[in-house]
Amino acid sequence: MPLDKHINFFELEKASARPGCPLCTIVSDRCERYLDNMLFEHISDRAFRKAHRAAGGFCAFHSRNLESFRDGLAVAILGRDILEDRVESFTKRKILKTKERCPVCVEQDRIEQEYLGFLIKAEPAADDVARQLQDIVVKSSGLCAPHYGQLLETAKKIPRWILEFHEKKFASLLERTNRFIECSAYGREKDFAELNPADQVVWKELAANLRGS
Ligand SMILES: [Zn+2]
Ligand SMILES: [Zn+2]
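Rules behind the numbers
- Residues numbered from 1 in each chain as written.
- Chains lettered and ligands numbered in written order.
- Predicted model: local features only at pLDDT ≥ 70, side-chain atom pairs only at ≥ 80, totals over all residues.
- Heavy atoms only, no water.
- Helix = DSSP H or I, 4+ residues; strand = E, 2+ residues; numbered from the N terminus.
- Rg over C-alpha atoms; globule rule 2.2 N^0.38 Å.
- Core = buried A, V, L, I, M, F, W, Y, C linked by side-chain atoms within 4.5 Å.
- Buried < 20%, exposed > 50% of the residue type's maximum accessible area, 1.4 Å probe, protein only.
- Contact = heavy atoms within 4.5 Å.
- Donors = N, O, S within 2.8 Å, 3.2 Å for Na, K, Ca; no water.
- Tetrahedral: all angles 85-135°; square planar, octahedral: opposite > 155°, others 65-115°.
- Salt bridge = Lys/Arg side-chain N within 4 Å of Asp/Glu carboxyl O.
- pLDDT = per-residue confidence, 0-100.
- Patch = residues over 30% accessible without salt bridge, like charges linked within 9 Å, V, L, I, M, F, W, Y side chains within 5 Å.
- Areas by Shrake-Rupley, 256 points an atom, 1.4 Å probe, with all protein chains shown as cover.

Within the chain one finds 11 helices and zero strands. Ordered by position from the N terminus, the helices and strands of the chain form the series α-α-α-α-α-α-α-α-α-α-α. Its C-alpha radius of gyration of 22 Å places the chain more than 25% over the 17 Å reference for a compact globule of 213 residues. Once the C-alpha set of the chain is aligned to its principal axes, its extents read approximately 60 × 55 × 35 Å.

In structure tokens:
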């Protein structure tokens, strides 16, 4: 089935023009918007409040910026639910066990599956939109290691160009990392100085690629 040129395509196009993993960029933007939207518009949404409470609040990562949110009342209303539960468990000297996952993490999984599912449908052989997507993605930094791993688990059949592009990308990153380590040895200062500027700080690229979003 040919690819539709809808929101997934345009968001991938936009994210691919930025440095780093395009899916990390999309996930970070969308999760921020989701959180903002939930705090602003859906604070009285019972299902959301329930999911948030059952999870014991947002995870450490997704609650890292709550203090700087525009709407203190929304943060207070959500936080009160969690603090009430915690105070109760403290009184009983019991650790609060939560049954559900952070609602933003759940949303993040959904977004990742949506975009990875879209990417694996890009078979350029007889599909103009897939060809355009291929052109865009191969010019990007490519997926980070966690997202590429996730993509491989998503389906058995993955377009050849996606596999080849990422196998090459990670082989080159490994090779550059090896060179960086070798040239960092005592007495190799001259070789180190001859590395190009990107290779002299390849450890930063490596860390970002391994971490993902
Ligand atoms: Zn990523
Ligand atoms: Zn989370």
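The structure having been displayed, the exposition proceeds.
With 45 residues, the main nonpolar core has Phe58, Leu119, Leu133, Leu143 and Leu151 as its most contacted residues. Those elements that place two or more of their residues in this core are α1 (7-16), α2 (22-41), α4 (72-91), α5 (103-119), α6 (128-138), α7 (145-154) and α8 (160-183). When near neighbours in sequence (up to four residues on either side) are disregarded, Phe58 contacts Leu35, Phe48, His52, Ser63, Leu66, Leu78, Cys102, Pro103 and Val104.

Glancing now at the coordination of the zinc ion (ligand 1). Protein coordination at the zinc ion (ligand 1) comes from Cys21 (SG), Cys24 (SG), Cys144 (SG) and His147 (ND1), with a distance range of 2.0 to 2.4 Å. Written as a sequence motif, the donor arrangement for the zinc ion (ligand 1) is C-x2-C-x119-C-x2-H. As far as the burial class goes, Cys144 and His147 line up, both buried.

Turning our eyes to something else, we now look at the coordination of the zinc ion (ligand 2). Taken together, the protein ligands of the zinc ion (ligand 2) are Cys59 (SG), His62 (ND1), Cys102 (SG) and Cys105 (SG), with distances of 2.0 to 2.4 Å. Geometry at the zinc ion (ligand 2) is tetrahedral, judged from its four donor atoms and the angles of 102 to 114° they form at the metal. Cys59 gets classed as partly exposed once you look at its relative accessible area, which sits at 23%.

With that out of the way, let us pick up the pattern of salt bridges. Applying the stated criterion across every chain yields a total of 20 salt bridges. Salt-bridge contacts for Glu123 lead to Lys157; the nearest nitrogen and oxygen are separated by 3.1 Å. With a gap of 34 residues between them, Glu123 in the loop between α5 and α6 and Lys157 in the loop between α7 and α8 connect regions that are remote in the sequence. The salt bridge partner of Arg160 is Glu164, with a shortest N-O separation of 3.1 Å. Pair noted here: Arg160 and Glu164 are both in helix α8, with a separation of four residues, about one helical turn. Exposure remark for Arg160: the relative accessible area of 49% places this residue in the partly exposed category. By relative accessible area, Glu164 is classed as partly exposed at 45%. Taken together, the shared-partner salt bridges in this structure form one network comprising Arg49, Arg53, Asp81, Glu84 and Asp85.

The pLDDT averaged across the chain works out to 93; a share of 100% of its residues lies at or above 70. When mean pLDDT is taken per element in the chain, α8 scores highest with 98 and α2 scores lowest with 92.

Below, the discussion takes up a nonpolar patch on the surface. A grouping of Leu83, Val87 and Phe90 is seen on the molecular surface, where their side chains present a nonpolar patch of about 310 Å² in accessible area. Considering the arrangement of structural elements, one finds Val87 in helix α4. Judged by relative accessible area, which is 44%, Val87 ranks as partly exposed.

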